[in-house]
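Working through the structure, step by step
For reference, the chains in residue letters:
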Amino acid sequence: MFKPKSIAVIGASKKPGKIGYEIMDNIISYGFNGELYPINLRETEILGKKVYRSISDVPGEVDFAIISIPAKYVLDVFEECGKKGVKCVALITSGFGEVGDFETEHKLVEIAEKYNMPFIGPNIFGIVYAPSRLNASFGPADVKPGKLAFITQSGALGIALMGWTITNKIGLSSIISIGNKAQIGESELLENFLKDDPNTKALLLYIEGLHDGRRSMEVFREVGLKKPIIALKSGRSKRGALAAASHTGSLAGSDKVYSAAFEQVGVLRAIDASEAFDWARCITNNPRPKGKNVVIITNGGGVGVMATDACDDYNLELYNDQEKLKELFFKPEIMPPFGSTKNPVDITGGGGELAYKKAMEAAFAAPEIDAIVVLYCQTATTNPDLLADYIIEVVKKYKKAKPFVIASIGGVAVDEMVDKLNENDIPAYDLPEKAISSLSALYRWSNFVERTTKLGKPNGLKLPLDKIKAIIAKVRKEGRVQMLEHEAKEIFKLCNLHVPNYGLAKTKDKAINIAQKVGFPVVMKIVSEDIIHKSDAGGVFIGIKDLSEVEQTFDKIIENAKAYNPKANIRGVIISHMEPKATEVIIGVTRDPTFGPTVMFGLGGIYVEILKDVVFRVAPFSLEEAQHMIDGIKTRDMLYGARGQKPANIDDLKHAIYVISQLVSQVDDIKELDINPMFAMEDKASVVDARITLTKQK
Ligand code: COA
């Protein structure tokens, strides 16, 4: 598909403006130098090429067929392509899965498999692969060759962005429209071609939904270790997700889970197209940084401060060895005596092109400096065009040995300077924040590679699955999907989580006995599958301090439960030791339609309900990932001992989150799970209340 020697365009047309014409025209004008066979029912010649009536009439082999004929003829033509031995197909035609015709789409996949003839589409605008001078699309003709592969699920937007890359001087190795992804989606393209394609350095994916989130995560993780992946995922809002689902017929998983999954596997999620391409510019044209020391060279104090703020926002570290900075930059050819070497290095408004050149050379040559940001405010003392030439010269001289970005602020001459730099594959922006955000994206990817290479794949935790499944089997036998509190707690105990001592009492005598064993104060709660909202039924009492209170409470709970629901099957009262007050956290699990079991973590109470300060991760994950979750909530300081509070036992807490991720990925029966609250105590993380819902009986 990417390196064909011969191409057939089925549905080629002589009429400009028709898709079958534009594809032919693009293939020819972009410089494809293999055989090109237009297929049309009536014409004899199209754009100087001899026309064939059908694919079977083509005399030679056909590596790649592009089909652009109405949907109703496609099945027959597909079959004919298979018989002819066509090696692969791009199916431009719309009118299949996206309008509900999955049946024909399945048939296409069957034919493709029968003849071992992979295809992209349907419902696509084609593909471009610059190294082969192949533009088999009906998008713009003059794509700028570069090192970024752009895969897009959306058609029209993809074509529009293709045009945008040309205007904005973004070089592309390939553009691949995947449309309905009937057989080949982004994962297949990454795994089978782009991962090892020497002409592709980074990837940008426009995604509306993934068919198989887990498999995609595996592929993204593997490819992401070699090449950075940027994702632009639409459908962030609930309405947007609905539109996306109907657009290409794909299931849009909950958007927060998408973000979490991307973060877990190092995919950089951009908020919009302009951010995505800003990042892509930096990532494709820079090496991985060797260290964290960033230096900013500027001719303006104000813009330097803006960039410094942005570094703070994006967690970039400014090199701070003042002695060394002085040694490197406090030179008459770089700055006047009133210049500043406190990073940002301010060569001052009078600093000309040569001062910039010397400063950049000093930064490139210094082993202490790992990444360079140049800021330029247009002044009458500099010539932006000449400065661009110097920048190109220096960056070339140092062979892009370290990441380099520039932001130039000013008028038309500066716009031209930015264009010139980008044409020369030097990432240039019109605002400092864009330059810093883009550099930080490169750092985030680099950190992911470092972290992941060090850690390897998360190990599976050995859990007593037989015992856990036996408890579940008992619940299932009674025809229930809702586990009772003591059953859920039994499972957590088996997973070695700390659960305050408890027991189930059917009688008052037993209640007294249990209370003595678990230790006062105790909590007493009704246990009945028919009473889900225990508090509403008057079935929860806390802070019970002695035996006589236990006796009275037992009677009261049973009485309340019977009054609340006379038909309820009352199994008894659970009596648990009551933990002292502590910071409450919540660990929850849902099964996301795209990614499967997903763990949520956050502080309990108002923090989860009002502030929605929670983080998600797709299970299973490592202990380190659990630590990232804890550090990912805004209210994390409450756990680390803010305002004189005692810090919680973070090790125990992260262990609990990690164990839950392992449990739910090893036990398919668990549909949803909530530990709410878990007490994040000084000495331990304790499961105070818990609920588990099983999947429906298979
Ligand atoms: N073999 C060879 N040629 C055939 C053929 C066949 N079986 N069936 C039709 N043709 C020829 C037609 O004669 C026509 O040539 P002409 O211009 O010389 O008359 C050409 O192929 C195209 O067929 P036509 O019936 O004119 O269709 P069209 O060009 O109006 O529409 C599609 C065809 C594929 C473009 C259209 O059905 C479609 O799906 N459009 C949407 C595409 C899209 O948006 N994709 C997603 C992008 S994001």
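Residues numbered from 1 in each chain as written. Predicted model: local features only at pLDDT ≥ 70, side-chain atom pairs only at ≥ 80, totals over all residues. Heavy atoms only, no water.

Considering the pattern of salt bridges
One pass over the full model with this rule turns up 37 salt bridges. Linking Lys181 and Glu186 is a salt bridge whose minimum nitrogen-to-oxygen distance equals 3.0 Å. Across the pair Arg269 and Asp255 runs a salt bridge, and its minimum N-O distance is 2.9 Å. Residue Arg269 is located in strand E14 (residues 268–270), and its partner Asp255 is located in helix H8 (residues 255–264); the two are separated by 14 residues in the primary sequence. With relative accessibility at 15%, the residue Arg269 sits in the buried group. Overall, the relative accessible area of 15% leaves Asp255 in the buried class. A single salt-bridge network, built from bridges that share partners, covers Glu478, Arg480, Glu487, Glu529 and Arg571. (Salt bridge = Lys/Arg side-chain N within 4 Å of Asp/Glu carboxyl O. Helix = DSSP H or I, 4+ residues; strand = E, 2+ residues; numbered from the N terminus. Buried < 20%, exposed > 50% of the residue type's maximum accessible area, 1.4 Å probe, protein only.)

Here's the deal with the site of the ligand
By nearness alone, 23 residues border the ligand, and Ser13, Lys18, Asn40, Arg42 and Ser94 come closest of all. Ser13 places a side-chain nitrogen or oxygen 2.7 Å from an oxygen atom of the ligand. At 2.5 Å from an oxygen atom of the ligand is found a side-chain nitrogen or oxygen belonging to Lys18. Across the shell around the ligand, the residue classes break down as 11 nonpolar, 8 polar and 4 charged. (Near = heavy atom within 4 Å. Polar contact = N/O pair within 3.5 Å; in protein donor to acceptor, adjacent residues only side chain to side chain. Nonpolar A, V, L, I, M, F, W, Y, C, P; charged D, E, K, R; others polar.)

What to know about unusual backbone geometry
Residue Gly121 is joined to Pro122 through a cis peptide bond whose omega torsion reads 0 degrees. Tracing the backbone shows Pro122 in the loop between strand E7 (119–120) and strand E8 (126–129). Of the consecutive residues Phe520 and Pro521, the connecting peptide bond is found in the cis state with omega at -5 degrees. Mapped onto the fold, Pro521 is located in the loop between helix H18 (508–518) and strand E22 (522–527). Positive phi, close to 65 degrees, is recorded for Asn496, a residue that is not glycine. Inspection of the secondary structure puts Asn496 in the loop between helix H17 (485–494) and strand E21 (502–505).

Topic: helix H4 (residues 156–167)
Compared with the 16 Å implied by 1.5 Å per residue over 12 residues, the 17 Å span of H4 between its first and last C-alpha is a close match. Where the residues of H4 are buried, they touch E8, strand E9 (134–137), strand E10 (145–152), strand E11 (172–177) and helix H9 (273–284). Just past H4, the residue Lys169 takes up positive phi, approximately 60 degrees. (Expected span 1.5 Å × (residues − 1). Contact = heavy atoms within 4.5 Å.)

Comments concerning helix H10 (residues 301–313)
Spanning 13 residues, H10 covers 18 Å between terminal C-alpha atoms, matching the ideal 18 Å at 1.5 Å per step. Within H10 the residues assigned to the buried category are Val303, Gly304, Ala307, Ala310 and Cys311. The buried residues of H10 occupy an angular sector of 120 degrees when projected down its axis, which confines them to one face. Summarising the geometry of H10, the exposed residues directed more than 90 degrees from the buried face are Gly302, Asp312 and Asp313. Of the surrounding elements, those touching the buried residues of H10 are strand E15 (293–298), strand E16 (317–318), strand E18 (371–377), strand E19 (404–409) and helix H15 (432–455). (Arc of directions from axis to C-beta.)

Let's talk about the domain arrangement of the chain
On domain assignment, one finds that the chain holds domain 1 (1–123), domain 2 (143–284), domain 3 (288–455), domain 4 (501–578) and domain 5 (583–694). Just the C-alpha atoms count here: the centres of domain 2 and domain 4 sit 54 Å apart. (Domains from an automatic or database assignment.)

Some details on a nonpolar patch on the surface
Judged by side-chain polarity, Ile606, Ile610 and Leu611 come together as a nonpolar surface patch covering roughly 330 Å² of accessible area. With respect to the helices, strands and loops of the structure, Leu611 is situated in the loop between helix H20 (606–609) and strand E27 (614–618). (Patch = residues over 30% accessible without salt bridge, like charges linked within 9 Å, V, L, I, M, F, W, Y side chains within 5 Å. Areas by Shrake-Rupley, 256 points an atom, 1.4 Å probe, with all protein chains shown as cover.)

Focus on the confidence of the model for the chain
Residues at a pLDDT of 70 or more form 97% of the chain, whose mean pLDDT is 94. Considering only residues more than four positions removed or in separate chains, one finds that residues 248–252, a stretch of pLDDT under 50, has 21 contacts. (pLDDT = per-residue confidence, 0-100.)

A closer look at the sheet that holds strand E12 (residues 202–207)
Reading across from one edge, E9-E8-E11-E10-E12-E13-E14 is the order of the 7 strands in this open sheet, with mixed pairing throughout. Strand pairing shows two members of the sheet lacking a second neighbour, E9 and E14, which therefore form its edges. On average, each strand axis in the sheet is tilted by 20 degrees relative to the strand beside it, whichever way the strands run. Bridging between E10 and E11 involves 6 bridges; their strand directions are parallel. The partner of Ile151 across the bridge, within E11, is Ile176. Packed onto the sheet, H9 meets E10, E12, strand E13 (229–233) and E14 and runs at close to 140 degrees relative to E14. (Pairing = 2+ DSSP bridges. Axes fitted to C-alpha atoms, helices over the stretch in contact; angles between N-to-C directions.)

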